[in-house]
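What follows is each chain in one-letter form.
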Amino acid sequence: MTGRLADPPPLAGITVVSLEQAVAAPFATRQLADLGARVIKVERPGDGDFARRYDTTVHGESSYFVWLNRSKESITLDLKTDAGREVLERLLARADVFVQNLAPGAADRLGLGPDALAERFPSLIPAGLSGWGTSGPWSGRKAYDLLVQCQTGLVSLTGNEHGTARAGISVADIAGGMYLYSGILTALFTRATTGRARAVEVSLFEALAEWMHQPAYYTRFGGTQPPRIGTRHATIAPYGAFTAADGKDVLFSIQNEREWAALCERFLGRPELADDPRFATGSDRVAHRDELDALVAARFTELDSATAGRILDEAGIANAGVNDMAAFLDHPVLEARERWRDVRIPDGTPVPALLPPADLAGTAPRMDPVPAVGEHTEPLLAELGYGAAEIAAMRAAHAI
């Protein structure tokens, strides 16, 4: 980061109330919290967000939950009770944004749909995240990440000739969370410039569908979908991971004719291949991929991975080793750029977390603790005007 770090966070003064669970909505609100928004996370009494129990790998906490919920306040409310709904109404009266990713139809049944909220809280920005959209033939269906990967066709493209595979991370949830986050920022800007609060709606399916445009075009106009070819690329060759003499994989790709000529001369040691009619253009190289890959693979067997990488670097061809997660955790770029910061989990243990990717000059992101379930319930109720006796009565009635 550059510049002084004295400026207030860009979303300081913005309050977000989120009735959220799992991955997508918490990812959106965590990014708002990173920018300084006050995010009040409404959880069920007892276990809270079910993502807290996805695993117990981070000193007893879920890896998903620790990633997605730093810098938030947690309040537990049973919205099936009158008292719980009244508390939520008081929170919404003070909020700028309301986020929910409830089951299909649940928000409307609770009076939390965008139209109902607009009547009671005209300056509130309602932001909803669904699986398949709030209209259309699948609006009542539940969704989760892998279902959406399957329905958008992503799984049909991921894997190799031996079979399909899911993406190794929750890409539909991440896409949905990113578009919900950017939609909320846009709605906040619109409210600031026009005075009008507009609702935001994102579906996991349509978020990931946006990412599928290139293979969709390729299929629609090319007559067939891109093949599953592992680390290789459907429309670029050579592109992929090749095994060097020391058994380590090196991935590289050729992006243009200059790089192709440099590969032939400086890496393969066969400059005449640059004019070989089998490989003259990008389309020719894809059409003769197997022959070309065999030539490249043979050269890799003559070099260890470090030497292969050095020669590719000298030729101006981007390349990298294929890291496992342990190598990623120790990546020299993250260390040199000081991207890790400690964040405390509910028992007070510090764990390393990556800074948000977007550096904003003059400000530092919030990296506050991950809350325990209901940790802020009583302070928030007191802030809303509830007395000790009222809070005790609500707890006795299991409303909080």
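This section reports on the structure supplied with the text. These numbers come from a predicted model, not from an experiment. (Residues numbered from 1 in each chain as written. Predicted model: local features only at pLDDT ≥ 70, side-chain atom pairs only at ≥ 80, totals over all residues. Heavy atoms only, no water.)

**Section: the pattern of salt bridges**
Considering all chains together, one arrives at 26 salt bridges under this definition. In this structure, Asp-359 engages Arg-339 in a salt bridge whose closest nitrogen and oxygen atoms are separated by 3.0 Å. Residue Asp-359 is located in the loop between strand E13 (350–354) and helix H17 (377–383), and its partner Arg-339 is located in the loop between helix H16 (332–336) and strand E12 (340–344); the two are separated by 20 residues in the primary sequence. What emerges from the salt-bridge pattern is a single network uniting Glu-20, Lys-41, Asp-49 and Lys-72. (Salt bridge = Lys/Arg side-chain N within 4 Å of Asp/Glu carboxyl O. Helix = DSSP H or I, 4+ residues; strand = E, 2+ residues; numbered from the N terminus.)

**Quick word on the packing of helix H8 (residues 171–194) against helix H9 (residues 204–211)**
Helix-helix packing is characterised by the crossing angle of the two axes and by the distance between the axes. Where H8 contacts H9, the axes come no closer than 8 Å and their chain directions differ by 95°. In terms of their interaxial angle, H8 and H9 are classed as roughly perpendicular. When H8 is examined against H9, the residues Val-171, Ala-172, Asp-173, Ala-175, Gly-176 and Tyr-179 are found in contact with a partner set consisting of Leu-204, Ala-207, Leu-208, Glu-210 and Trp-211. Residue composition of the contact of H8 with H9, grouped by class: eight nonpolar, one polar and two charged. (Axes fitted to C-alpha atoms, helices over the stretch in contact; angles between N-to-C directions. Parallel < 35°, antiparallel > 145°, perpendicular 65-115°, else oblique. Contact = heavy atoms within 4.5 Å. Nonpolar A, V, L, I, M, F, W, Y, C, P; charged D, E, K, R; others polar.)

**What to know about the sheet that holds strand E4 (residues 97–100)**
Ordered by their spatial adjacency, six strands build an open sheet running E3-E2-E1-E4-E5-E8, and the pairing between neighbours is parallel. Looking at the sheet topology across the chains shown, the edges are occupied by strand E3 (72–76) and strand E8 (200–203). Going across the sheet, the axis of each strand differs from the next one's by a mean of 20°, ignoring polarity. Bridge analysis of strand E1 (residues 15–19) against E4 gives four bridges, and the strand direction is parallel. Bridging across to E4, Leu-19 finds its partner in Gln-100. Taken strand by strand, H8 contacts E4, strand E5 (125–130) and E8, and its axis lies near 165° from that of E5. Across the sheet, H9 is in contact with E5 and E8; its angle to E8 comes to roughly 70°. (Pairing = 2+ DSSP bridges.)

**A closer look at a nonpolar patch on the surface**
Residues Tyr-144, Leu-146 and Leu-147 make up a contiguous nonpolar surface patch of about 260 Å² in total accessible area. Mapped onto the fold, Leu-146 is located in helix H6 (residues 145–151). (Patch = residues over 30% accessible without salt bridge, like charges linked within 9 Å, V, L, I, M, F, W, Y side chains within 5 Å. Areas by Shrake-Rupley, 256 points an atom, 1.4 Å probe, with all protein chains shown as cover.)

**Overview of the packing of aromatic side chains**
Summed over all chains, the structure comprises twelve aromatic pairs. Between Tyr-54 and Tyr-64, the aromatic rings sit 5.2 Å apart at their centres with planes inclined by 80°, giving edge-to-face as the arrangement. Pair noted here: Tyr-54 is in the loop between strand E2 (38–43) and helix H2 (63–68) and Tyr-64 is in helix H2, with a separation of ten residues, a long-range link. Classification of Tyr-54 by relative accessible area gives partly exposed; the value is 39%. Considering the side-chain rings of Phe-267 and Phe-300, the 5.1 Å spacing of their centres and the 50° angle between planes classify their relative orientation as tilted. Taken together, the positions of Phe-267 in helix H11 (residues 257–267) and Phe-300 in helix H13 (residues 289–300) put the pair 33 residues apart, joining distant regions of the chain. Owing to a relative accessible area of 1%, Phe-267 belongs among the buried residues under this scheme. Residue Phe-300 is classed as buried on the basis of its relative accessible area, which comes to 0%. (Phe/Tyr/Trp six-rings, centres within 6.5 Å; stacked < 30°, edge-to-face > 60°. Buried < 20%, exposed > 50% of the residue type's maximum accessible area, 1.4 Å probe, protein only.)

**Quick notes on the sheet that holds strand E11 (residues 319–321)**
Within a sheet, neighbouring strands are paired by backbone hydrogen bonds and run either parallel or antiparallel to one another. Overall, antiparallel pairing links the three strands, which are arranged E9-E10-E11 in an open sheet. Looking at which strands have only one partner, the edges of the open sheet turn out to be strand E9 (239–243) and E11. Pairs of neighbouring strands in the sheet enclose a mean axial angle of 25°, with direction left out of account.

**Quick look at the pairing of E1**
Where burial is concerned, most of E1 is hidden: five out of the five residues are buried. Burial along E1 is two-sided: the face carrying Thr-15, Val-17 and Leu-19 and the face carrying Val-16 and Ser-18 are both buried. Of the strand pairs in this sheet, E1 and E2 are connected by four bridges, and their pairing is parallel. Bridging from a neighbouring strand, Val-17 pairs with Ile-40 of E2. Considered for its hand, the β-α-β crossover made up of E1, helix H1 (residues 24–34) and E2 is right-handed. (Right-handed = clockwise from strand over helix to strand, strands pointing away.)

Distances and angles like these do not, on their own, reveal function.
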